[in-house]
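# Commentary on secondary and tertiary structure
Here's the letter readout for the chains.
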Amino acid sequence: MPVAKLKCKCGCKKYQLREKVAKYPYGNFFDKSHAEKWIEDKYKRDTAKKLIKFHQVVVKEKKAFNKETKRLKETIKKRTGPKGFYSNLATALHHYIKHVLRKGEPCYTCDKPQHFEDSGQAFHVGHFIPQKSVDPRRFMLMNLRMQCYKCNTHNSGMRAEYRQRLIEEIGIDKVEWLECDVNHKSLKDQYPEISNIKSEITKYRKLSND
Ligand SMILES: [Zn+2]
Ligand SMILES: [Zn+2]
């Protein structure tokens, strides 16, 4: 039998006589309504594809944006702030002073002894030069001693007594040197890279564990 009939493009599985098919750039259809239905469906499929593609681009851009935001936040929180690297260093350093270097020492400014049954907050690592987030002496061992809770918090760190004890311990010259701001490089100069702070943290953690 000669091929007098052509299959409709729309997927309906119908055949149409060659002279009766509806011819379109997309192909041959059973009639105009099959063609229109197929074109309409094609338009919907194409639109859906475009939407999916668009959605993928949006998701990708959002991910890139979030990644960049995270990176910027990390850059900002790097040094200062409660979760910054200086805070991490203070924690490691204070732990070392309290549990190794000056373990069990009495309060530097009132001689109150430490007791085994004391709570973890009974004694603090007290700063002679008050602790400010970027004070260059913040992490100097010379500037740190054990103090009882009362001296450290209620009496402004007992500054006068602290100074007198320090003079007796290390001499007036060193105390005055310590007190003079111009003698001390900024924390940023002391730790030019974040890795410098990190290695200090590692050092004190190691010293605490040895
Ligand atoms: Zn059809
Ligand atoms: Zn005290």
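All chains use their own residue numbering, which begins from 1 and follows the written sequence. Starting at A for chains and at 1 for ligands, labels are handed out in the order in which the entities are written. Reporting in this predicted model follows two pLDDT cut-offs: at least 70 for local features of residues, and 80 or more for side-chain atom pairs to be given and counted; totals over whole chains, interfaces and linings ignore these cut-offs and use all residues.

## Overview of the overall build of the protein
Applicable threshold: Under the scheme used here, helices are H or I runs from DSSP no shorter than 4 residues and strands are E runs no shorter than 2 residues, and both carry numbers assigned from the N terminus. Partly exposed residues are those whose C-beta has more than 12 but fewer than 20 other C-beta atoms within 10 Å; with 20 or more the residue is buried, with 12 or fewer it is exposed, and the C-beta atoms are placed from the backbone.
When helices and strands are counted, the protein shows seven helices and six strands. Seen in sequence order, the protein has helices and strands lined up from the N terminus as β-β-β-β-α-α-β-β-α-α-α-α-α. Projected onto its principal axes, the C-alpha coordinates of the protein cover approximately 120 × 40 × 35 Å. Out of the 210 residues in the protein, the part that is buried amounts to 20%.

## Here we look at helix H4 (residues 159-170)
The condition that has to hold: To estimate how far a helix should reach, multiply one less than its number of residues by 1.5 Å.
In a regular helix each residue adds 1.5 Å, so twelve residues correspond to 16 Å; H4 covers 16 Å between its end C-alpha atoms and thus fits that length. Looking one or two places after H4, you find Gly-171, whose phi comes out positive at around 95°.

## Overview of the pairing of strand S6 (residues 144-148)
Quick note on the threshold: Strand pairing follows a simple DSSP-based rule, namely that at least 2 bridges must link the two strands.
In terms of residue burial, S6 counts as a mostly covered element, since five of its five residues are buried. The side-chain alternation of S6 yields two buried faces, one formed by Leu-144, Met-146 and Cys-148 and the other by Arg-145 and Gln-147. With five bridges joining them, strand S5 (residues 123-127) and S6 adopt antiparallel strand pairing. Counted as the bridge partner of His-127 is Leu-144 from S6.

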